[in-house]
Amino acid sequence: MSGLATYNFAYLDEQTKRMIRRAILKAIAIPGYQVPFASREMPMPYGWGTGGVQVTAAILGPSDVLKVIDQGADDTTNAVSIRAFFQKVANVEVTTRTKEATIIQTRHRIPEEKLTEGQVLVYQVPIPEPLRFLEPRETETRKMHALSEYGLMHVKLYEDIARNGHIATTYAYPVKVEGRYVMDPSPTPKFDNPKMHMSEALQLFGAGREKRIYALPPFTDVVSLDFDDHPFTVQSFEKPCALCGAEGVYLDEVVLDDRGGRMFVCSDTDYCEDRRAQGFLGDQGVPLKEAAE
Amino acid sequence: MYVAVKGGEAAIANAHRLLADRRRGDRAIRAIGIDQIESQLSLAVDRVMAEASLYDPSLAALAIKQSRGDMIEAIFLLRAYRTTLPRFGYSEPVDTGAMRIERRVSATYKDLPGGQLLGPTFDYTHRLLDPALQTDEAVETPLTRTPSPENTSRVTDILNGEGLIEPDSSMEDEHEPGDITRTPLDFPMTRDTRLQALARGDEGFLLALAYSTQRGYARTHPFAGEIRIGMVEVEMDLPELGFSVPLGEVRLTECQSVNQFKGSATQPPQFTRGYGLVFGQSERKAMAMSLVDRALRAEEFGEDIVAPAQDEEFVIAHSDNVQATGFVEHLKLPHYVDFQAELDLVRRMRAEQGLAPANTQSEQKEAAE
């Protein structure tokens with residue numbers, strides 16, 4: 001039991017990291033293809049970001065600057081926990097600022113600020129298979145990908161339109177990568193889908209429980225599935241962020257009281273703070289200095 | 001005025017501090033020792049070792065203490081430790097025929113060479129709460145007999161002598177044992193990796209599946225050919241030495257179920273087998289495993305696949321309780337970004353159907369304020 005307290009840099013042993021890096025390289029070589037990898041048990045539960053954590057651990061170097069977000073925010077409990085984990089086992093510099101980070105691990109959001117060359121966005125993925133809810137069997141879905149047999153997905157989207165007048169998928173909206181593989185963007189709102197297209201940053205997706213890694217190399221063609229007469233659209237919000245006044249960003253609804261009072265604020269906390277620091281103010285916002293007091 | 005909730009870090013630290021407090025409980029009561037757990041809650045220790053796939057009683061006991069007795073949490077703790085250990089290779093197959101038997105029962109023969117040996121079993125105890133256990137009353141030393149120096153042959157070997165049962169199955173000579181902790185699952189699986197997955201599978205899940213086969217969801221009609229519990233030696237072949245050396249002993253529970261089989265075009269009528277092998281003393285798990293193993297061999301015997309217990313992808317993909325608990329419990333993580341997207345959609349769809357949103361007016365009023 002004496003060796004219990006010592007762990008390798010970034011927790012995983014080097015053999016495991018090498019195995020994961022190989023999977024990542026293969027994933028980059030075949031954009032959108034799900035590469036099986038020998039996912040390890042991590043010291044946090046499956047379903048809580050073990051895939052993303054393993055990818056981050058495999059690519060993290062001592063000079064990296066890490067940002068971790070969940071729902072767009074740096075201060076949600078699981079983001080705090082994962083960030084603390086890497087501070088503990090890798091002692092790397094961490095940040096909440098999108099532009100300062102070299103690696104950003106995320107759950108459910110893509111930062112509002114445009115990512116740039118050299119940055120890596122690591123997604124935590126619960127169910128990597130976009131066809132899973134149409135076909136529960138892995139043996140079948142693998143065949144469907146191999147044959148580019150995506151008719152079932154189009155039928156599903158068509159049925160949405162027939163029933164509701166529009167496509168009723170709001171998050172984890174399927175995309176087609178480089179005209180070949182249909183890919184699950186992880187449960188990000190479809191609002192974020194266009195950000196994946198031709199991104200300058202490398203995007204890596206890790207699913208620990210399902211043991212899959214996939215990737216979008218920089219400048220990859222990513223198209224959200226749609227129909228000519230029902231083109232893909234993203235959510236739009238009627239009002240700007242109540243704190244920083246930003247428009248064209250994704251907002252969280254905050255319930256203020258039990259009388260129906262609501263306010264809408266940026267889901268990306270760093271973006272919101274940055275704007276307020278620059279002096280932008282929403283109709284319910286207070287200057288940043290005051291709020292800190 | 002709304003200010004974004006900060007302080008996740010402090011909240012987590014405080015929650016963990018409270019957890020440590022609750023784990024310790026009343027300070028006036030002496031803390032439970034790892035040695036006490038290891039020797040007095042040994043079946044809990046066995047289950048944790050089995051489903052964590054790590055044979056280390058004292059670490060399993062530590063995990064049970066740390067998890068406040070939550071078994072799946074303890075299994076998780078031990079697995080997360082196991083995964084950091086280097087893997088040197090694999091042992092020689094253990095010879096359960098050479099087991100130092102503590103318990104051995106067969107339901108198929110009244111008596112057999114080596115005899116029936118009840119051992120430390122709950123069977124035939126009357127489940128009456130024992131007030132004597134509230135205090136530390138002296139317990140009689142058990143009666144033991146000198147073990148027979150000869151191996152106790154396995155019931156399947158006896159049946160096999162007549163050719164009535166399929167022989168021990170084997171993999172090709174070149175086949176290297178799979179390792180489900182080092183290679184992602186690939187369906188359909190080979191039987192070695194499938195048995196590995198079942199051996200670490202959740203006891204409750206396998207029990208329920210085994211039970212379902214008995215109640216008609218896939219008819220397997222098993223007999224408990226033999227259940228044996230005892231110590232076996234683990235040996236490893238060291239290439240440098242050219243022979244295998246013993247690494248130590250482990251306690252195992254083995255169950256061989258004997259099932260009917262009418263025969264097929266390629267196989268004669270004979271009994272078939274289901275196999276269960278589990279760390280420690282865990283009869284329920286070993287029996288359930290053997291029933292599920294047999295049910296999962298349906299395709300091999302050309303049987304119709306009609307029930308969940310026969311469906312390899314269904315059974316194996318959902319048998320791991322650490323995976324299952326993580327994913328079920330991840331629902332308590334924030335999902336408000338996705339929920340927001342769904343809220344928006346439901347509101348829009350209701351508006352399209354002409355349903356006046358109940359609180360739009362107040363919302364607009366608030367916004368106007």
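The structure reproduced in this document is the subject of the present report. (Residues numbered from 1 in each chain as written. Chains lettered and ligands numbered in written order. Predicted model: local features only at pLDDT ≥ 70, side-chain atom pairs only at ≥ 80, totals over all residues. Heavy atoms only, no water.)

What to know about the overall build of chain A
In step 1: Assigned secondary structure in chain A consists of 8 helices and 12 strands.
In step 2: Radius of gyration (C-alpha) of chain A: 20 Å, near the 19 Å computed for a compact globule of 293 residues.
In step 3: Projected onto its principal axes, the C-alpha coordinates of chain A cover approximately 60 × 50 × 35 Å.
In step 4: Expressed as a percentage of the 293 residues in chain A, the buried residues total 58%. (Helix = DSSP H or I, 4+ residues; strand = E, 2+ residues; numbered from the N terminus. Rg over C-alpha atoms; globule rule 2.2 N^0.38 Å. Buried < 20%, exposed > 50% of the residue type's maximum accessible area, 1.4 Å probe, protein only.)

Observations regarding the nonpolar core
Burial of nonpolar side chains together is a common tendency in soluble globular proteins.
Residue and element names in this part refer to chain A.
In step 1: Core analysis: the largest hydrophobic core is formed by 32 residues, its most contacted members being Ile20, Val53, Leu60, Phe85, Phe86, Leu204 and Ile213.
In step 2: Looking at which element gives the most residues to this core, the answer is helix α3 (residues 77-90), with 6 residues.
In step 3: Residues contacting isoleucine 20, with those up to four places away along its chain left out, are Leu12, Phe37, Gln54, Val55, Ala58 and Ile213. (Core = buried A, V, L, I, M, F, W, Y, C linked by side-chain atoms within 4.5 Å. Contact = heavy atoms within 4.5 Å.)

Notes on the interface of chain B and chain A
In step 1: At the junction of the two partners, chain B supplies 55 residues and chain A supplies 68 residues.
In step 2: Buried area between chain B and chain A, summed over both chains or domains, comes out near 5,200 Å², and the portion from carbon and sulfur atoms is 58%.
In step 3: The shortest N-O distance in the salt bridge between A:Glu41 and B:Arg200 comes to 3.1 Å.
In step 4: The interface formed by chain B and chain A includes 23 residue pairs in polar contact (both at pLDDT 80 or more).
In step 5: Where the side of chain B that touches chain A is concerned, the elements lending two or more residues are α1 (8-24), α4 (57-66), α5 (71-82), α11 (321-329), α12 (336-352) and α13 (360-368) of chain B.
In step 6: In terms of residue count, the dominant contributor to the side of chain B that touches chain A is α12(B) (13 residues). (Buried area = accessible area lost by both parts, 1.4 Å probe. Salt bridge = Lys/Arg side-chain N within 4 Å of Asp/Glu carboxyl O. Polar contact = N/O pair within 3.5 Å; in protein donor to acceptor, adjacent residues only side chain to side chain.)

Digging into helix α9 (residues 283-296) of chain B
In step 1: With 14 residues, α9(B) should cover 20 Å at 1.5 Å per step; its first-to-last C-alpha distance of 20 Å lies within 8% of that length.
In step 2: Taken together, the buried positions of α9(B) are occupied by B:Glu283, B:Lys285, B:Ala286, B:Ala288, B:Met289, B:Ser290, B:Leu291, B:Val292, B:Asp293, B:Arg294, B:Ala295 and B:Leu296. (Expected span 1.5 Å × (residues − 1).)

With respect to the sheet that holds strand β1 (residues 100-105) of chain B
All names here are of chain B.
In step 1: Spatial strand order, β1-β2-β3-β4: 4 strands in an open sheet with antiparallel pairing. The two strands at the open ends of the sheet, each matched to only one other strand, are β1 and β4 (272-279). With strand direction ignored, the average angle separating the axes of adjacent strands in the sheet is 25°.
In step 2: Strand direction decides the pairing type here: strand β3 (residues 243-259) and β4, joined by 8 bridges, are antiparallel. By the bridge assignment, glutamate 254 is partnered in β4 with leucine 277.
In step 3: Contacting β1, β2 (222-238), β3 and β4, α9 crosses the sheet at an angle of about 145° to β4. (Pairing = 2+ DSSP bridges. Axes fitted to C-alpha atoms, helices over the stretch in contact; angles between N-to-C directions.)

Here's the deal with the packing of aromatic side chains
All names here are of chain A.
In step 1: Counted according to the given criterion, the structure contains 10 aromatic pairs over all chains.
In step 2: Centroid distance phenylalanine 237 to phenylalanine 264: 6.5 Å. Interplanar angle 55°. Geometry classified as tilted. Residue phenylalanine 237 is located in the loop between β10 (222-224) and β11 (251-255), and its partner phenylalanine 264 is located in strand β12 (residues 262-266); the two are separated by 27 residues in the primary sequence.
In step 3: Three or more aromatic residues link up through ring pairs in this structure, and these residues are Phe191, Phe237, Tyr250 and Phe264.
In step 4: Stacked on the ring of tyrosine 181, the Lys or Arg arginine 180 has its end atom at 4.1 Å from the ring centre. (Phe/Tyr/Trp six-rings, centres within 6.5 Å; stacked < 30°, edge-to-face > 60°. Lys NZ or Arg CZ within 6 Å of the ring centre and 35° of its normal.)

Here we look at the environment of B:Ile158
Residue and element names in this part refer to chain B.
In step 1: Mapped onto the secondary structure, isoleucine 158 falls in helix α6 (residues 155-161).
In step 2: Taking the C-alpha atoms as reference, isoleucine 158 lies 9.3 Å from proline 113; in sequence the two are 45 residues apart.
In step 3: Every residue in contact with isoleucine 158, bar those within four places of it in the chain, is listed here: Leu112, Pro113 and Ser153.

A word on the side chain of B:Asp293
Residue and element names in this part refer to chain B.
In step 1: The residue aspartate 293 is located in helix α9 in this model.
In step 2: Looking at aspartate 293, the relative accessible area reads 0%, which means it is buried.
In step 3: For aspartate 293, the residues in contact, after removing those within four places along its chain, are Arg191, Arg194, Leu195, Leu198, Arg273, Gly274 and Tyr275.

Here's the deal with helix α8 (residues 203-214) of chain B
Residue and element names in this part refer to chain B.
In step 1: When the terminal C-alpha atoms of α8 are compared, their 17 Å separation across 12 residues agrees well with the 16 Å that a helix rising 1.5 Å per residue should span.
In step 2: All of the buried residues in α8 are Glu203, Leu206, Leu209, Ala210, Ser212 and Thr213.
In step 3: The inward-facing, buried residues of α8 contact α3 (42-52), α7 (191-199), α9 and α10 (312-317).
In step 4: A side-chain oxygen of the first residue of α8 lies 3.0 Å from the backbone nitrogen of glycine 204; this N-cap is aspartate 202.
In step 5: Two residues or fewer after α8 comes glycine 216, characterised by a positive phi angle close to 110°.

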